[in-house]
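Report on the structure
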Amino acid sequence: MIKNFKWLLLVAATFIACNNDDEVTKDANSTDGSPLTAGSADFSKYVAIGDSFAAGYSDGALFIEGQKGAYPNILASQFSLVGGGEFTTPYMSDNIGGFNLGGVQIAGYGPRLYYNGVAPTSVSGVSGTDISAKLSGSFTNMGVPGAKAIHLAFSGYGSAAGNPYFTRFASSPTATILGDALAQNPTFFSLWIGGNDELGYATAGGDSSVNPLTPPATFDAAYNNIVSQLTAGGRKGVIANLPYVTFPYFYVIKYNQLTQANLTIGGNSLVGTLNTQL
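Residues numbered from 1 in each chain as written. Predicted model: local features only at pLDDT ≥ 70, side-chain atom pairs only at ≥ 80, totals over all residues. Heavy atoms only, no water.

So, the pattern of salt bridges
What the rule picks out here adds up to one salt bridge. The residue E65 makes a salt bridge to K68 at a minimum N-O spacing of 3.4 Å. Of this pair, E65 and K68 both sit in helix α3 (residues 64–68), three residues apart, roughly one helical turn. (Salt bridge = Lys/Arg side-chain N within 4 Å of Asp/Glu carboxyl O. Helix = DSSP H or I, 4+ residues; strand = E, 2+ residues; numbered from the N terminus.)

So, in structure tokens, the structure goes:
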């Protein structure tokens, strides 16, 4: 009996040993449960540089909830799992969007739009973000709506005559977006710029007097300068390319082309109205 009991203890110990050796701790934040790692990257000071996409501009305006959903915020939340530090954004005052001057909403800067079932409509109210107000401190989300590649290193872009989205958090009127970003000694960066260099021109109907297309040589020089400064000293980062512009805005609809009887919104057929507008 004693002999059998000894064998039972030995078998039990063997199972325990096997379980301890083979057990793998799974990380709930990993898609496959594998341990997360930063690899050779250092995310302790992540700085994002870009335009509307980085800033979180959406629904025709810049507002808090849109800023929270910006891709740099999403990246930063993931980087925090592997040593990423604090990520700061120059938030607007509310969710109305845009700026006010003397308590009056400034045309061209919000408020944000929503779809009311018939057409895009502006939210009610006036933005609480005064266009003349300045924010203190530095911010690691350096996304600026409307910025083109040539603007990132342009001195004066943060002045009263520059871009108000950058002016409100620029370190000085003569500061540059790139300069303020590098002054924070980032260990990792993201760069997505160039959309406004082409989209501004395209959405203006190809009218250079409204919004000129950045010449390729000018864009190349500006972009190479940005990348060379960001990667100086072996600094790591990620660069996003520009997507193919294929959304409906750029498709021509001919006069009287709309004939679908079921093109109805809110119980009203819009075929006749749209054909008249076209």
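Examining unusual backbone geometry
In this structure, P111 follows G110 across a cis peptide bond, with omega equal to 0°. Positioned with a positive phi, D59 is a non-glycine residue whose angle comes to about 55°. Take D59: it is sitting in the loop between α2 (52–55) and α3. At N185, a residue that is not glycine, the phi angle is positive and equals roughly 50°.

Describing the packing of aromatic side chains
Within the structure shown, the criterion is met by 15 aromatic pairs. Here Y46 and F79 contribute two aromatic rings whose centre-to-centre distance is 5.0 Å and whose plane-to-plane angle is 85°, an arrangement assigned as edge-to-face. Residue Y46 is found in strand β1 (residues 46–50), and its partner F79 is found in helix α4 (residues 71–79); the two are separated by 33 residues along the sequence. Of the two residues, Y46 and F79, neither departs from the other in class, the shared state being buried. The interplanar angle of 75° and the centroid separation of 5.7 Å between the aromatic rings of F99 and Y109 together place this pair among those described as edge-to-face. One end of the pair, F99, is in the loop between α4 and β2 (100–101); the other, Y109, is in the loop between β3 (104–105) and β4 (113–115), and 10 residues separate them in sequence. Classification of F99 by relative accessible area gives buried; the value is 0%. (Phe/Tyr/Trp six-rings, centres within 6.5 Å; stacked < 30°, edge-to-face > 60°. Buried < 20%, exposed > 50% of the residue type's maximum accessible area, 1.4 Å probe, protein only.)

Examining the sheet that holds β1
The parallel open sheet is built from four strands, whose spatial order is β6-β1-β7-β8. At either margin of the open sheet sits one strand with a lone partner, and together these are β6 (141–143) and β8 (236–239). Averaged over all adjacent pairs, the angle separating strand axes in this sheet is 15°, with direction ignored. Relative to β8, strand β7 (residues 188–192) is paired through four bridges, and the arrangement is parallel. Among the inter-strand pairings, F188 is bridged to a residue of β8, identified as K236. (Pairing = 2+ DSSP bridges. Axes fitted to C-alpha atoms, helices over the stretch in contact; angles between N-to-C directions.)

Thoughts on the pairing of β7
Taken across its five residues, β7 has four buried, putting it largely inside the fold. Judged from the five bridges that link them, β1 and β7 form a sheet pairing that is parallel. Bridge assignment links V47 to a residue of β7, and that residue is F189.

Examining the layout of surface pockets
Size it by volume and the largest pocket reaches roughly 360 Å³. Lining the largest pocket are 15 residues, with S52, Y57, G146, N196 and L199 positioned closest to its centre. Of all elements in the fold, only α2 and α7 (195–203) reach the threshold of two or more residues within the lining of the largest pocket. Among the elements that line the lining of the largest pocket, the one with the most residues is α7, at four residues. Classifying every residue of the lining of the largest pocket gives eight nonpolar, six polar and one charged. (1 Å grid on protein atoms, 1.4 Å probe; cavity = no way out; pocket = protein on both sides within 12 Å on 5 of 7 lines; lining within 4 Å. Points joined across faces, edges and corners; volume = space filled by probe spheres on them. Nonpolar A, V, L, I, M, F, W, Y, C, P; charged D, E, K, R; others polar.)

Some points on the pairing of β1
Looking along a regular strand, one sees the side chains alternate between the two faces of the sheet. Burial within β1 is extensive, with five of its five residues counted as buried. Residue alternation in β1 divides its side chains into two sets, Y46, A48 and G50 and V47 and I49, and both sets are buried. The pairing of β1 with β6 spans three bridges and is classified as parallel. In the strand pairing of β6, I49 is matched with M142.

Observations concerning the environment of D42
Considering the arrangement of structural elements, one finds D42 in the loop between α1 (2–22) and β1. With relative accessibility at 40%, the residue D42 sits in the partly exposed group. Between the alpha carbons of D42 and G84 there is a distance of 7.6 Å; along the sequence they are 42 residues apart. D42 has contacts with T187 and F188, leaving out every residue within four places of it along the chain. Reaching out from D42, the side chain makes a polar contact with the side chain of S44 at a distance of 2.8 Å. (Contact = heavy atoms within 4.5 Å. Polar contact = N/O pair within 3.5 Å; in protein donor to acceptor, adjacent residues only side chain to side chain.)

Remarks on the nonpolar core
One finds I49, I177 and L191 to be the most contacted residues of the largest nonpolar core, which totals 30 residues. Broken down by secondary-structure element, the contributors of at least two residues to this core are β1, α5 (164–167), α6 (177–182), β7 and α8 (216–230). The leading source of residues in this core is α8, at five residues. Excluding anything up to four places from it in sequence, L191 contacts I49, L152, Y223, I226, V227, L230, V238, I239 and A240. Counting eight residues, the second largest nonpolar core, distinct from the first, contains Y46, F79, F87 and F188. (Core = buried A, V, L, I, M, F, W, Y, C linked by side-chain atoms within 4.5 Å.)

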